[in-house]
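Reading the structure
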Amino acid sequence: MTTITQRASVLIQLPNCTHPRTGLVYTPASTVSPYASAFPIFEQYGQHGRKTILSKPAAKGHIAPYDHAAAGWGAVKQVAINLVREKVSGVNYKTLFKQNQPDGFDCPGCAWPDPVHRSTFGFCENGVKAVAAETTSKRAGPDLFARYKVAELMAQSDYELEQHGRLTDPLVYDSATDTYVPIAWSDAFALIGRHLRAQDDPDRAAFYTSGRTSNEAAFLYQLFVRMYGTNNFPDCSNMCHEPTSRGLPTTVGIGKGTVTLEDFEHADTLLIFGQNPATNHPRMLGELRACSKRGATIVSINPLRERGLERFTDPQAPLEMLTNGSTPISSMFVQPKLGGDFALIKGVAKRLLELDDEARAADAPRLVDIAFIESHTSGYDAFCADLRAESWQDILAESGVPREKLEHLARIYATGKRVIATWGMGLTQHKHAVATIQMLSNLMMMRGNIGRPGAGLCPVRGHSNVQGDRTVGIEEKPTQAFLDRLGKAFNFEPPRRHGYDAVETIKAMLDGHVRVFVGLGGNFAAAAPDTPRTYQALRSCALTVHVTTKLNRSHLVHGKDALILPTLGRTEIDLQQGVSQGVTVEDSMSMVHMSYGIVRPASPDLLSEVAIVAGMAKATLGSAHVPWDWYVDDYARIRDAIELSIAGFDDYNARVAAPGGFHLKVASREREWITATGKAQFVVNAIDRDTPIHRARARYGDRLLVLMTMRSHDQYNTTIYGMDDRYRGVFGMRRVVFANPLDLAMIGLAAGQWVDITSVWDDGIERRADRFMLVAYDIPRGCLGAYYPETNPLVPLDSVANGAGTPTSKSIPVLLTLSTGQ
Ligand SMILES: Nc1nc2c(c(=O)[nH]1)N[C@H]1C(S)=C(S)[C@@H](COP(=O)(O)OP(=O)(O)OC[C@H]3O[C@@H](n4cnc5c(=O)[nH]c(N)nc54)[C@H](O)[C@@H]3O)O[C@H]1N2
Ligand SMILES: Nc1nc2c(c(=O)[nH]1)N[C@H]1C(S)=C(S)[C@@H](COP(=O)(O)OP(=O)(O)OC[C@H]3O[C@@H](n4cnc5c(=O)[nH]c(N)nc54)[C@H](O)[C@@H]3O)O[C@H]1N2
Ligand SMILES: [Mo]
């Protein structure tokens, strides 16, 4: 008999019960030690599975198809494994109790919202992994850096770097010994100030942000940087949902989603494009399960049949858990080829138009919402003319979807009364991503599926506050109106020139224009494309600075001077003047709410992100104009400053104090259109028949394959938690490439063989990533899948989304060759 951990018992909200297969008894015990209880669970499961991943990744991995539903008992087991591996102390267990509760911290996992009024938080395996990684008791202190030279740390894998634990002290690079050594905070700030003041042009510095940063830290950061004189704000969202943020303003006037969680309760049809929620937004499966149980139609549009979109066992549904039951999620799977969504969506729109023509001819009810179109939109006639002119042959060839499937999808869409369309990286990381998102917006507008209950656009953001960071000013192309208001609030003239995005920053570093790189969170070296060139760019800097919680690759790929500045994570108590400070974040559905850390900081020498930003600002600009320390003393003052500077934040402190916070107005949700015409705009875009992929195919024929780079189940972006991708049946390894068996046969390769991948680009640079094991997989012909960041060396720096600059990480033309030496 084994007792499940206290944590997990609370997590899964189960009464005493016995697992039907293993006979384990689960008790919501309150006194068990986390170790005593978590180990036995694992040992018990170990009889059926593997034990190796508790300590180190298995030296030799294996492939074993996974035939269960997503989540369920497997997720509970993984939670236990991660809590043990991270040696999360008993005291810190209480962090998990508070996760996503009104008075706790916002889960650093993803940007999926939580219901406003809920007494318990949703079970989420990957949320727990994110929290365990932050609350780990492992430490990367000065002793670690005395032991290893930077060159030696560079030889370690991303997984090994992550396993060193939390950083404890500010560190500076010492070139004489090739090590990082401790530095006083004041000296670190002074070094930054000296470098920044020494630049002849503020545009010689670039200031990166990753989306975990709070609104308060991000606002102060952009204020500091704009007062310094530049709009160089490369941001993780440049590599992520940028095509959403650039594409939607043209069509519906604002680059945000139009739904809230409540709309999921009313939708009758859901179209899930290019997303793997079981891994990347597990709490979304709760909503999808409820929709499915209500009888809503859910369609997955994805080259892969992702497990979580097939079946889901809700760990919080005792009956489902005990009976080993599950709920089917999608009733239809459409598997376009990579980047085929634009043609597919255009095809569905064309078919809808044809069906509407037929209905009109037969005097039957219209299939387009003509009242909405007439009163709320412009450009419909030109859009229809373009749809009618589009060739079916091209639509089918470019989408890779058979005619009958497309017909079926069009009919589902045409009959859905309240349709929500969600999307992730499968739509955004392509050359024509902006056009794809605009076409989806067109399609939704045709039936008035925007701005009414149960319907709307739902981009699913990644980082937990990536949307908030943008809202409060992390934007390299700010509007003049934004700058006017900020300048007025702080009585200064902000720089008006547009700044560099992520890819432009790398190029500017390479050509010697940018000399200083500051990263507020994130792992730029590993997340950015074209790894060797990104490394070269960072190494050419005079100074690189990383504000960070854990050691990562970017700290080792550094400038002549380099600083690692360790900061508090979101789970940790942030005391200023003896008062615990909360920060605010905005989720993917524009809900803004408070987050309070509740565990003791990993080290007494950590500063909050807000304090570090203020320290950099003070050392660079002085305090004559802005009382930086005064803001650090009380974050409510920063929120007042946000209220003064940014539209929509009236009564910020008061409104955000309410449990669950408040919804930041999204005009398009209310059918107000902030566009040039004052209406929602139908946008015409053609199928691009001359992309780098078309050109490469013309040259290499069927040997040319298209690679997508994506996340495994055991990673958070560049943070590698473990070596499994269990829903896709990969265990103990990451260097795999999923391929269609027919393609393999055609090019004379076979599953299990090791291959090198070369990308095809016409700038004469050889880009390769070596030694990946071929895995036969249900993936459309001509397409490959592999994990990021191992494959980032293959993404050419110049290959970006038109109009958004996002690296085309999901459509890389490549060739495979057998690895030598096997
Ligand atoms: N646990 C965990 N959670 C995370 C993250 C994490 O790494 N780990 N990352 C966070 C971040 S920053 C983000 S942005 C999100 C990312 O979440 P996702 O958007 O789910 O990201 P990916 O893993 O890149 O997977 C993309 C999905 O798109 C599909 N796809 C690829 N190409 C195409 C295409 O051309 N068309 C279509 N229709 N589908 C395609 C793939 O098959 C895959 O299912 O998750 C966030 N949450
Ligand atoms: N090939 C390919 N490349 C991609 C993608 C892809 O799908 N394929 N996806 C892209 C996407 S969607 C994104 S969002 C980017 C992600 O790019 P980033 O956001 O730059 O990368 P992360 O891996 O999320 O950053 C992890 C690091 O953040 C730091 N960190 C964690 N928590 C905190 C905190 O609270 N404060 C601070 N200051 N630091 C913290 C830790 O040091 C950790 O190592 O990668 C992009 N790159
Ligand atoms: Mo992302």
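Residues numbered from 1 in each chain as written. Chains lettered and ligands numbered in written order. Predicted model: local features only at pLDDT ≥ 70, side-chain atom pairs only at ≥ 80, totals over all residues. Heavy atoms only, no water.

1. Overview of the overall build of the chain
Helices and strands together make up the secondary structure of the chain, namely 34 helices and 35 strands. Relative to its length of 822 residues, the chain is compact, with a C-alpha radius of gyration of 26 Å against a globular reference of 28 Å. Overall, the C-alpha framework of the chain stretches about 80 × 70 × 60 Å when taken along its three principal axes. Among the 822 residues that make up the chain, the fraction classed as buried is 65%. In the chain, the share of contacts with a sequence separation of at least 24, taken over all contacts with a separation of at least 6, comes to 78%. In the form shown here, the chain has an accessible surface area of approximately 27,900 Å², with 54% of it arising from carbon and sulfur atoms. Separation between the mean location of the 86 positive side-chain charges and that of the 87 negative ones in the chain comes to 3 Å. (Helix = DSSP H or I, 4+ residues; strand = E, 2+ residues; numbered from the N terminus. Rg over C-alpha atoms; globule rule 2.2 N^0.38 Å. Buried < 20%, exposed > 50% of the residue type's maximum accessible area, 1.4 Å probe, protein only. Contact = heavy atoms within 4.5 Å. Areas by Shrake-Rupley, 256 points an atom, 1.4 Å probe, with all protein chains shown as cover. Lys, Arg positive; Asp, Glu negative; His and termini not counted. Charge placed at Lys NZ, Arg CZ, Asp CG, Glu CD.)

2. Some details on the site of ligand 2
Near ligand 2 lie 30 residues; those nearest to it are Tyr208, Ser210, Thr548, Glu609 and Thr718. Within the side chain of His463, an N or O atom sits 2.8 Å from an oxygen atom of ligand 2. Here the shell around ligand 2 is built from residues that sort into 9 nonpolar, 16 polar and 5 charged. Viewed by domain, the shell around ligand 2 spans two of them, domain 1 (3-65 + 701-818) and domain 2 (139-240 + 465-665), each represented by three or more residues. (Near = heavy atom within 4 Å. Polar contact = N/O pair within 3.5 Å; in protein donor to acceptor, adjacent residues only side chain to side chain. Nonpolar A, V, L, I, M, F, W, Y, C, P; charged D, E, K, R; others polar. Domains from an automatic or database assignment.)

3. What to know about the UniProt feature "domain: Molybdopterin dinucleotide-binding" (unreviewed entry) in the chain
The positions UniProt marks with the feature "domain: Molybdopterin dinucleotide-binding" (unreviewed entry) are residues 705-811. End-to-end, the C-alpha atoms of residues 705-811 are 9 Å apart, and along that stretch the chain is 6% helix and 35% strand. (UniProt positions renumbered as here; feature names shortened; annotations may be inferred.)

4. Here we look at the nonpolar core
Across soluble globular proteins, you tend to see nonpolar side chains buried next to one another. Counting residues in each nonpolar core, the largest one holds 60 residues, and the members touching the most others are Phe207 and Phe490. For this core, the element with the most residues is helix H10 (residues 215-228), which contributes 10 residues. Those residues in contact with Phe207 that sit more than four places away from it in its chain are Leu196, Tyr221, Phe224, Val225, Tyr228, Thr230, Asn232, Phe233, Pro234 and Val518. Formed by 51 residues, the second largest nonpolar core is a distinct cluster that contains Val252, Leu271, Ala343 and Ala410. (Core = buried A, V, L, I, M, F, W, Y, C linked by side-chain atoms within 4.5 Å.)

5. Quick look at the sheet that holds strand E31 (residues 736-739)
With mixed pairing, 6 strands are arranged side by side around a closed barrel as E27-E34-E31-E33-E32-E35. For this sheet, the mean inter-axis angle between neighbouring strands, taken without regard to orientation, is 45°. Where strand E27 (residues 705-710) and strand E34 (residues 783-787) come together, 5 bridges link them in parallel fashion. When the bridges of E34 are listed, Val706 appears paired with Cys783. (Pairing = 2+ DSSP bridges. Axes fitted to C-alpha atoms, helices over the stretch in contact; angles between N-to-C directions.)

6. A short note on helix H33 (residues 692-700)
Within H33, burial applies to Pro692, Ile693 and Ala696. Down the axis of H33, the sector holding all buried residues measures 95°, keeping them to one side. Residues of H33 that are buried make contact with E27 and strand E35 (812-818). Gly701 lies just past H33 and shows a positive phi near 65°. (Arc of directions from axis to C-beta.)

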